[in-house]
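Descriptive structure summary
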Amino acid sequence: MSDNEHIEDADRVAGLLLAAGGGRRLGGRPKALLEHRGRPLVEYAVGVLRAAGCTRVHVVLGARAADVRERAELEGCVLVENPEWEQGMGTSLRAGLDSLAGTGARAALVSLVDQPGIGPEAVRRVLAAYRDETSLVSAAYDGVRGHPVLFGAAHWAGIAESATGDRGARAYLKAHAQAITLVECGDVAQPYDIDTEADLVHLE
């Protein structure tokens, strides 16, 4: 594949960062605003997507969205506010996919703001497995499906229909397990979540 084709693929696949959560188990501190390496976590996560080759990045905000806009450097990103964020990640995934309609994106590479152990190399591997709008790709850790995931545009309607509560795309991916390309990333990334006070040790 030529460099030009790689560049075209990067343009066809939009990065979609889900960063709306309110951090209920973190005393109500929005995950997007947790500090990591001196900057808000949402800013770090956008940097990972960009470093991996995503030229177009949409960020779904929810909890304290105005504070996130003010404190994080998110220039060049499309910021999508999800007024229903309290209902769970499924609403953020739907809002993010809706925001990509009509942009020319052929696929969405979805990452979560609270997984800073997943860096550019894992994202790059998932991105490299994109073929066309029918692609369904997932990072795997010791063979177990995790994030990031890549959804070709042909799957967006089905995913949006089944994304409820905190489940996101889980039901859709389970139903289409045979179609998923798993990309092993356990050697380059750690898929822990920042969910509780105890998890804050992972932040630097």
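Structure's up top.
The written sequence of each chain sets the order in which its residues are numbered from 1. pLDDT decides what is reported in this predicted model: residues at 70 or higher carry local features, side-chain atom pairs at 80 or more are listed and counted, and totals for whole chains, interfaces and linings draw on all residues regardless. Hydrogens are left out, water is left out, and the side-chain values use all remaining heavy atoms of the structure.

**Notes on the overall build of the protein**
Spelled out, the test is: Runs of E in the DSSP output that reach at least two residues are strands. Runs of H or I that reach at least four are helices, and both are numbered from the N terminus. Only C-alpha atoms enter the radius of gyration; for comparison, a globular chain is expected to reach 2.2 Å times N to the power 0.38, where N is the number of residues. Residue contacts are counted whenever heavy atoms from the two residues lie within 4.5 Å of one another.
When helices and strands are tallied, the protein shows seven helices and nine strands. A compact globule built from 204 residues would reach a C-alpha radius of gyration of about 17 Å, and the protein, at 16 Å, matches this within 12%. Its C-alpha atoms give the protein principal-axis dimensions of about 45 × 35 × 35 Å. Within the protein, counting contacts between residues at least 6 apart in sequence, those at least 24 apart form 69% of the total.

**Some points on the side chain of Thr-91**
Topologically, Thr-91 is positioned in helix 4 (residues 89-100). In this structure Thr-91 touches Asn-82, Glu-84, Trp-85 and Gly-165, once residues within four positions along its chain are discounted.

**Quick look at the sheet that holds strand 8 (residues 144-152)**
Quick reminder of the rule: Paired strands are those between which DSSP finds at least two bridges. Axes here refer to lines fitted to C-alpha atoms; in helices the fit is confined to the stretch in contact. Angles between the N-to-C directions go from 0 to 180 degrees.
Here seven strands make up an open sheet; going across it, the order is 5-4-1-6-8-7-9 and the pairing mixed. At either end of the open sheet lies a strand with only one pairing partner, and these are strand 5 (78-81) and strand 9 (181-184). The sheet shows a mean angle of 25° between the axes of neighbouring strands, direction not considered. Summarising the sheet, strand 7 (residues 136-141) and strand 8 pair through five bridges and their orientation is antiparallel. Within strand 8, the residue paired with Ser-138 across the bridge is Val-149. The sheet contacts of helix 4 involve strand 1 (13-19), strand 4 (57-61), strand 5, strand 6 (107-112) and strand 8, and relative to strand 1 the element is tilted by about 150°. Running over the sheet, helix 5 (residues 120-128) touches strand 1, strand 6, strand 7, strand 8 and strand 9 and is turned about 50° from strand 8.

**Overview of the state of the cysteines**
Threshold: The definition used for a disulfide is geometric: two cysteine sulfur atoms within 2.5 Å. Exposure categories follow from relative accessible area, calculated using a 1.4 Å probe and restricted to protein chains: below 20% of the type maximum is buried, above 50% is exposed, and the middle band is partly exposed.
If you walk through the whole model with that rule in mind, you get zero disulfides. Distance from the sulfur of Cys-54, which forms no disulfide, to the nearest cysteine sulfur (Cys-77) is 11 Å. Distance from the sulfur of Cys-185, which forms no disulfide, to the nearest cysteine sulfur (Cys-54) is 13 Å. Look at Cys-185 and you get buried, because its relative accessible area is 0%.

**Comments concerning the packing of helix 2 (residues 41-52) against helix 5**
How we decide: Roughly parallel here means an angle under 35 degrees, roughly antiparallel means over 145, roughly perpendicular means 65 to 115, and every remaining angle is called oblique. Take the far helix as your reference; a near helix turned counterclockwise from it by less than a right angle gives a left-handed crossing, and one turned clockwise gives a right-handed crossing.
Running from amino to carboxyl end, helix 2 crosses helix 5 at an angle of 50°, the nearest separation of the two axes being 8 Å. Between helix 2 and helix 5, the crossing angle belongs to the class labelled oblique. Where helix 2 crosses over helix 5, the handedness of that crossing is right-handed. Of the residues in helix 5, those touching helix 2 at Val-48, Leu-49, Ala-51 and Ala-52 are Pro-120, Val-123, Arg-124 and Leu-127.

**A look at the nonpolar core**
Formally: Throughout, nonpolar core names a set of buried Ala, Val, Leu, Ile, Met, Phe, Trp, Tyr and Cys residues whose side chains join them through atoms within 4.5 Å.
Formed by 44 residues in total, the largest nonpolar core has its most connected members in Leu-17, Ala-19, Val-42, Val-59, Val-68, Leu-109 and Leu-150. Among the secondary structure elements, those contributing two or more residues to this core are strand 1, helix 2, strand 4, helix 3 (65-71), strand 6, helix 5 and strand 7. Tallying contributions element by element places helix 2 first for this core, with eight residues. Residues within four places of Ala-19 in sequence aside, it is in contact with Ala-32, Val-42, Val-59, Val-60, Leu-61, Gly-62 and Val-113. Grouped together as the second largest cluster of nonpolar side chains are 24 residues, Leu-16, Leu-100, Ala-108 and Ala-163 included.

**A few points about the pattern of salt bridges**
Put simply, the test is: Each salt bridge in this description consists of a side-chain nitrogen of Lys or Arg and a carboxyl oxygen of Asp or Glu lying within 4 Å of one another.
Inspection of the entire model under this criterion finds 12 salt bridges. The shortest N-O distance in the salt bridge between Arg-25 and Asp-195 comes to 3.5 Å. Taken together, the residues span a long stretch of sequence, with Arg-25 in the loop between strand 1 and strand 2 (35-36) and Asp-195 in the segment after strand 9 at a distance of 170 residues. Put simply, Arg-37 and Glu-204 hold a salt bridge, and the shortest N to O gap is 2.7 Å. Pair noted here: Arg-37 is in the loop between strand 2 and strand 3 (39-40) and Glu-204 is in the segment after strand 9, with a separation of 167 residues, a long-range link. Under the relative-accessibility criterion, Glu-204 is labelled exposed at 58%. Connected via shared salt-bridge partners are Arg-25, Lys-31, Asp-114 and Asp-195.

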